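Architecture at a glance
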Amino acid sequence: MKNKTSIQGTWASRWIFILAATGSAVGLGNIWKFPYITGENGGGAFVLVYLICIALVGLPIMMAEVFIGRRARKNPINALEDLAEESGQSKKWGIIGLMGMLAGIFIFSFYSVVAGWVLHYIKAMATGELANVSSEQAGALFNELLADPATLLGWHTLFTLMVLAVVIAGVNKGLERATRIMMPALFFLLIALLGYAISTPGFSQGWDFMFHFDVSELSWDAVLVALGHSFFTLSLGMGTIMAYGSYMPKKASIGSTVLMVGALDTLVALVAGLAIFPIIFSNGMNPGAGPGLMFISLPVAFGQMAFGQFFGFLFFVLVGVAAWTSAISLLEPSVAFLVERFKLKRSTASIGLAILVWLLGIACLGSFNFMSDVTFFGKNTFDALDYLTTNIMLPLGGILIAIFAGWFVKDQFVKDEVQTSNFIHVCWKVSVCVISPIAVSIVLLLNL
Ligand code: TRP
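Note that this is a predicted model, so its numbers are computed, not measured.

A few words on the site of the ligand. Near the ligand you find 17 residues, and of these A25, G29, Y111, F232 and S235 are the closest. A distance of 2.9 Å separates a nitrogen atom of the ligand from a polar backbone atom of F232. Taking S329, its side chain carries an N or O atom lying 3.2 Å from a nitrogen atom of the ligand. Burial of the ligand by the protein chains amounts to 100% of its free accessible area of 360 Å². Elements supplying a minimum of two residues to the shell around the ligand: helix 1 (14–25), helix 2 (28–40), helix 10 (220–233) and helix 14 (308–342). Residues of the shell around the ligand, tallied by class, amount to eight nonpolar, nine polar and no charged.

In structure tokens, the structure reads:
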């Protein structure tokens with residue numbers, strides 16, 4: 001019953017798995033969302049809660065996903081079905097994988113639109129369009145972009161093609177090669193930007209903002225946002241990490257590998273915050289600017305600084321690379337499923353999916369212009385898909401994965417595959433059986 005390797009391929013080493021999973025985890029969630037939600041929720045106290053959520057809920061669920069994928073060596077749907085069958089349970093557990101596949105397609109469609117904005121800003125930084133803009137001008141430029149479907153479509157199409165080019169080439173020639181090139185580039189850019197931020201007068205203010213801790217600033221709302229985000233940022237709840245786990249070499253230890261991915265993802269989010277806030281503070285701007293922090297406030301701040309155009313350009317290249325490696329991981333589980341279940345060629349599966357997400361993406365980019373009056377429960381298509389996935393599908397997928405791994409899979413399977421100390425195993429069990437389902441259910445219910 002147990003396959004030795006996935007038919008899609010195997011990562012060359014444990015490190016490639018770590019970097020590929022980190023590439024999936026580190027994305028717009030870390031560089032765009034984390035700094036602005038930290039800003040909106042007052043800084044330090046929020047950061048602490050976020051770290052606790054990663055440790056208590058995120059990492060245990062990630063271990064569960066890697067375990068399921070690596071044991072079955074198949075796409076998430078087949079992996080869940082196989083493992084359920086082996087444990088004497090219903091094959092219906094595979095539905096979690098199906099829901100995950102859909103979630104990946106939905107996330108991709110709006111993710112690609114935001115990644116398109118990033119590509120536009122790379123160009124704008126390179127051509128000097130954003131040099132010395134005022135806040136009003138930067139705001140106007142961003143709104144002009146949103147109102148222009150043709151330009152948005154061009155960038156969305158380019159980004160979808162960039163992702164397709166990697167996914168179509170397969171696990172080793174596509175995903176692994178992209179990982180080897182892009183992850184070192186990402187770390188290098190991040191360090192360069194951090195160095196730049198350290199040299200600005202606002203650095204200590206930025207540092208204090210992120211790391212001062214004041215219990216009185218802690219709101220219940222911030223806890224919810226932190227827990228929800230810990231899920232999105234680690235790419236959990238939809239089978240991405242399961243699929244990546246199914247390509248993981250047999251010898252690699254699951255516990256320490258997952259710890260490494262979680263640590264790197266968190267480190268990048270913190271460094272992104274430390275790179276952004278000093279630049280914001282150095283220019284006397286507001287850290288709580290919300291989603292416009294990266295597309296409006298930051299360009300203004302860069303515009304006023306020495307070498308600002310150059311570092312602004314590097315910054316958006318960094319975000320573009322991070323978004324690219326994440327978007328790849330949104331499609332991979334579905335591609336693997338179509339190839340393994342329906343015997344499609346990888347190229348057919350990849351192109352078919354790319355067309356599907358491209359079309360859905362048009363509805364998302366139209367939300368800001370020609371389709372702005374199409375709404376679901378009062379939200380435009382873009383917001384509706386973001387809400388549906390981030391607040392409902394991913395947490396639901398996460399709870400079900402935790403419950404499945406904790407209560408329904410034979411414990412011996414976990415012990416054989418994960419091979420950690422008894423102590424870690426017990427901690428993991430407590431998290432997936434009790435802590436995670438309860439914590440995530442609360443978030444899910446309150447979000448509804
Ligand atoms: N983790 C990525 C980010 O922070 C987004 C992402 C990629 C994702 N794959 C995912 C989120 C799978 C949830 C599930 O931007």
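Two quantities define a packed helix pair, namely the angle between the axes and the distance from one axis to the other. Taken N-terminus to C-terminus, the directions of helix 6 (residues 135–146) and helix 13 (residues 292–303) make an angle of 140°; their axes are 9 Å apart at the nearest point. One finds that helix 6 runs oblique with respect to helix 13. Relative to helix 13, the crossing made by helix 6 is right-handed. The residues of helix 13 that touch helix 6, namely those facing S135, A138, G139 and F142, are F295, I296 and V300. Classifying every residue of the contact of helix 6 with helix 13 gives five nonpolar, two polar and no charged.

The next point concerns the confidence of the model for the protein. Here the protein averages 92 in pLDDT, while 99% of its residues score no lower than 70. Mean pLDDT across the elements of the protein bottoms out in helix 10 (86) and peaks in helix 7 (residues 149–168) (98).

We now examine the side chain of S350. Following the sequence through the fold, S350 ends up in helix 15 (residues 346–366). Assessed through its relative accessible area of 2%, S350 is described here as buried. With sequence-adjacent residues up to four places away left out, S350 is seen in contact with L164, V167, I168 and V335.

Trans is the common state for peptide bonds, and a negative phi is the common state for residues other than glycine. Despite not being glycine, R73 has its phi angle at roughly 60°, a positive value. Positionally, R73 belongs in the loop between helix 3 (44–72) and helix 4 (76–86). Given the relative accessible area of 3%, R73 is considered buried. Within the chain, K343 stands out as a residue other than glycine whose phi angle is a positive 55°.

Scanning the entire structure with this criterion turns up nine salt bridges. With its nearest N and O atoms 2.9 Å apart, the salt bridge here joins K429 to D411. Pair noted here: K429 is in helix 18 (residues 422–447) and D411 is in helix 17 (residues 411–418), with a separation of 18 residues, a long-range link. If you follow the salt bridges from partner to partner, you end up with R70, K250 and E417 in one network.

What counts and how
Residues numbered from 1 in each chain as written. Predicted model: local features only at pLDDT ≥ 70, side-chain atom pairs only at ≥ 80, totals over all residues. Heavy atoms only, no water. Near = heavy atom within 4 Å. Polar contact = N/O pair within 3.5 Å; in protein donor to acceptor, adjacent residues only side chain to side chain. Areas by Shrake-Rupley, 256 points an atom, 1.4 Å probe, with all protein chains shown as cover. Helix = DSSP H or I, 4+ residues; strand = E, 2+ residues; numbered from the N terminus. Nonpolar A, V, L, I, M, F, W, Y, C, P; charged D, E, K, R; others polar. Axes fitted to C-alpha atoms, helices over the stretch in contact; angles between N-to-C directions. Parallel < 35°, antiparallel > 145°, perpendicular 65-115°, else oblique. Left-handed = near helix turned anticlockwise from the far one by under 90°. Contact = heavy atoms within 4.5 Å. pLDDT = per-residue confidence, 0-100. Buried < 20%, exposed > 50% of the residue type's maximum accessible area, 1.4 Å probe, protein only. Salt bridge = Lys/Arg side-chain N within 4 Å of Asp/Glu carboxyl O.

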